[in-house]
Amino acid sequence: MFVSDRTNWWNLYRYDLGTRTTQALPPMNAEFGVPQWSLAAATYAWAGPDRIVASYVADGLGHLAVLDLGRKTLKPIELSFTEFGSVRALGDRVLFRAAAPNQPL
(Lines give C-alpha, C1' and ligand atoms only; values in the text may rest on other atoms or scores of the structure.)
Protein backbone atom coordinates (compact mmCIF):
# COMPACT_ATOMS: atom_id res chain seq x y z
CA MET A 1 0.00 0.00 0.00
CA PHE A 2 1.16 3.50 -0.74
CA VAL A 3 -0.20 6.98 -1.43
CA SER A 4 0.31 8.59 -4.84
CA ASP A 5 -1.01 11.65 -6.66
CA ARG A 6 -0.79 10.14 -10.14
CA THR A 7 -4.39 11.31 -10.82
CA ASN A 8 -3.80 14.70 -9.13
CA TRP A 9 -5.53 13.32 -6.02
CA TRP A 10 -3.50 11.66 -3.23
CA ASN A 11 -5.22 8.25 -3.27
CA LEU A 12 -4.34 4.95 -1.62
CA TYR A 13 -2.90 2.34 -3.97
CA ARG A 14 -2.18 -1.35 -3.69
CA TYR A 15 0.70 -2.89 -5.63
CA ASP A 16 0.28 -6.60 -6.41
CA LEU A 17 3.67 -8.30 -6.51
CA GLY A 18 2.31 -11.33 -8.39
CA THR A 19 0.72 -9.47 -11.26
CA ARG A 20 2.87 -6.33 -11.00
CA THR A 21 -0.22 -4.15 -11.21
CA THR A 22 -1.23 -1.07 -9.26
CA GLN A 23 -4.80 -0.30 -8.27
CA ALA A 24 -6.35 2.69 -6.48
CA LEU A 25 -8.44 1.62 -3.49
CA PRO A 26 -10.84 3.31 -3.91
CA PRO A 27 -10.24 5.85 -6.67
CA MET A 28 -11.90 9.07 -5.55
CA ASN A 29 -11.57 12.85 -5.60
CA ALA A 30 -10.04 13.00 -2.13
CA GLU A 31 -6.67 13.54 -0.49
CA PHE A 32 -5.36 10.58 1.49
CA GLY A 33 -1.91 12.18 1.67
CA VAL A 34 -0.46 15.20 3.41
CA PRO A 35 2.25 17.67 2.41
CA GLN A 36 5.68 16.07 2.32
CA TRP A 37 7.01 18.50 4.92
CA SER A 38 4.58 16.97 7.47
CA LEU A 39 7.14 14.58 8.93
CA ALA A 40 5.88 11.36 10.51
CA ALA A 41 2.29 12.17 9.55
CA ALA A 42 0.28 8.99 9.10
CA THR A 43 -3.01 9.04 7.22
CA TYR A 44 -3.71 5.32 7.34
CA ALA A 45 -2.94 2.23 9.42
CA TRP A 46 -3.50 -1.51 9.14
CA ALA A 47 -6.29 -2.58 11.51
CA GLY A 48 -6.16 -6.28 10.75
CA PRO A 49 -4.95 -8.33 7.79
CA ASP A 50 -7.62 -7.06 5.37
CA ARG A 51 -8.62 -3.71 6.89
CA ILE A 52 -7.11 -0.25 6.77
CA VAL A 53 -8.37 2.73 8.73
CA ALA A 54 -7.69 5.89 6.74
CA SER A 55 -8.20 9.61 7.10
CA TYR A 56 -8.84 11.72 4.03
CA VAL A 57 -10.05 15.16 2.97
CA ALA A 58 -12.95 15.53 0.53
CA ASP A 59 -14.75 18.78 -0.26
CA GLY A 60 -12.61 20.57 2.33
CA LEU A 61 -13.58 18.37 5.29
CA GLY A 62 -11.69 15.57 6.98
CA HIS A 63 -13.15 12.08 7.20
CA LEU A 64 -12.21 8.75 8.77
CA ALA A 65 -13.13 5.47 7.10
CA VAL A 66 -12.45 1.74 7.03
CA LEU A 67 -11.12 0.28 3.79
CA ASP A 68 -12.06 -3.39 3.36
CA LEU A 69 -9.39 -4.78 1.06
CA GLY A 70 -11.30 -7.97 0.27
CA ARG A 71 -14.42 -6.15 -0.86
CA LYS A 72 -12.55 -3.05 -2.08
CA THR A 73 -15.02 -0.82 -0.26
CA LEU A 74 -14.54 2.30 1.83
CA LYS A 75 -17.02 2.72 4.68
CA PRO A 76 -17.00 6.15 6.39
CA ILE A 77 -17.01 6.24 10.18
CA GLU A 78 -19.52 8.87 11.25
CA LEU A 79 -17.85 11.18 13.78
CA SER A 80 -18.38 14.81 14.74
CA PHE A 81 -14.80 15.76 13.83
CA THR A 82 -13.67 17.46 10.63
CA GLU A 83 -9.88 16.99 10.81
CA PHE A 84 -7.97 13.76 11.36
CA GLY A 85 -4.34 12.76 11.46
CA SER A 86 -1.62 10.65 13.07
CA VAL A 87 -3.56 7.45 12.44
CA ARG A 88 -2.02 4.45 14.24
CA ALA A 89 -3.26 0.89 14.85
CA LEU A 90 -2.39 -2.11 16.97
CA GLY A 91 -4.39 -5.13 15.97
CA ASP A 92 -7.97 -3.97 15.52
CA ARG A 93 -7.58 -0.92 17.80
CA VAL A 94 -6.99 2.48 16.23
CA LEU A 95 -5.76 5.74 17.68
CA PHE A 96 -5.85 9.06 15.84
CA ARG A 97 -5.78 12.81 16.40
CA ALA A 98 -9.05 14.58 15.63
CA ALA A 99 -10.48 18.09 15.87
CA ALA A 100 -13.57 20.10 15.03
CA PRO A 101 -14.14 23.86 14.97
CA ASN A 102 -17.23 23.60 17.15
CA GLN A 103 -15.88 21.37 19.94
CA PRO A 104 -13.70 22.55 22.83
CA LEU A 105 -10.54 20.67 23.76
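Residues numbered from 1 in each chain as written. Predicted model: local features only at pLDDT ≥ 70, side-chain atom pairs only at ≥ 80, totals over all residues. Heavy atoms only, no water.

Peer 1: Mind laying out the side chain of asparagine 11, listing which residues take part and the relevant values?
Peer 2: Relative to the helices and strands, asparagine 11 resides in strand S2 (residues 11-16). The buried category is assigned to asparagine 11, whose relative accessible area is 2%. Side-chain polar atoms of asparagine 11 contact the backbone oxygen of alanine 30, separated by 3.0 Å. (Helix = DSSP H or I, 4+ residues; strand = E, 2+ residues; numbered from the N terminus. Buried < 20%, exposed > 50% of the residue type's maximum accessible area, 1.4 Å probe, protein only. Polar contact = N/O pair within 3.5 Å; in protein donor to acceptor, adjacent residues only side chain to side chain.)

Peer 1: For the pairing of strand S5 (residues 51-58), give the residues involved together with the corresponding values.
Peer 2: Taking burial as the measure, the eight residues of S5 include six buried ones, the bulk of the element. Taking the residues between adjacent antiparallel strands as the criterion, strand S4 (residues 44-46) and S5 are bridged by four residues, where glycine 48 takes a positive phi near 125 degrees. Of the pairings in the sheet, the one linking S5 to strand S6 (residues 61-68) comprises eight bridges and is antiparallel in character. Paired with isoleucine 52 across the strands is leucine 67, a residue of S6. Hairpin connection between S5 and S6: a loop of two residues separates the two successive antiparallel strands, and aspartate 59 in this loop has a positive phi of roughly 55 degrees. (Pairing = 2+ DSSP bridges.)

Peer 1: Can you break down the side chain of serine 55 residue by residue, with the values?
Peer 2: Examined against the element boundaries, serine 55 turns out to sit in strand S5. Sequence-distant contacts of serine 55, defined by excluding residues within four places in its chain, comprise Glu31, Phe32, Thr43, His63, Leu64, Phe84 and Val87. (Contact = heavy atoms within 4.5 Å.)

Peer 1: A description of the sheet that holds S5 should follow, citing residues and the corresponding values.
Peer 2: If you trace the four strands from one edge of the open sheet to the other, you get S4-S5-S6-S7, paired in antiparallel fashion. At either end of the open sheet lies a strand with only one pairing partner, and these are S4 and strand S7 (73-77). With direction set aside, neighbouring strand axes in the sheet form an average angle of 25 degrees. Across five bridges, the pairing between S6 and S7 is antiparallel. The residue bridging alanine 65 from the neighbouring strand is proline 76, located in S7. (Axes fitted to C-alpha atoms, helices over the stretch in contact; angles between N-to-C directions.)

Peer 1: Describe the nonpolar core, and please don't skip the residues or the numbers.
Peer 2: Judged by nonpolar contacts, Leu12, Leu25, Ala30, Phe32, Ile52, Ala54, Tyr56, Ala58, Ala65, Leu67 and Leu69 together constitute the single largest core of 11 residues. At the level of elements, S5 and S6 are the ones that each hand at least two residues to this core. With residues up to four places along the chain from it excluded, the contact list for leucine 69 reads Met1, Arg14, Leu25, Trp46, Pro49, Asp50 and Ile52. If you look at the next biggest cluster of nonpolar residues, it comprises six residues, including Ala45, Val53, Leu64 and Val87. (Core = buried A, V, L, I, M, F, W, Y, C linked by side-chain atoms within 4.5 Å.)

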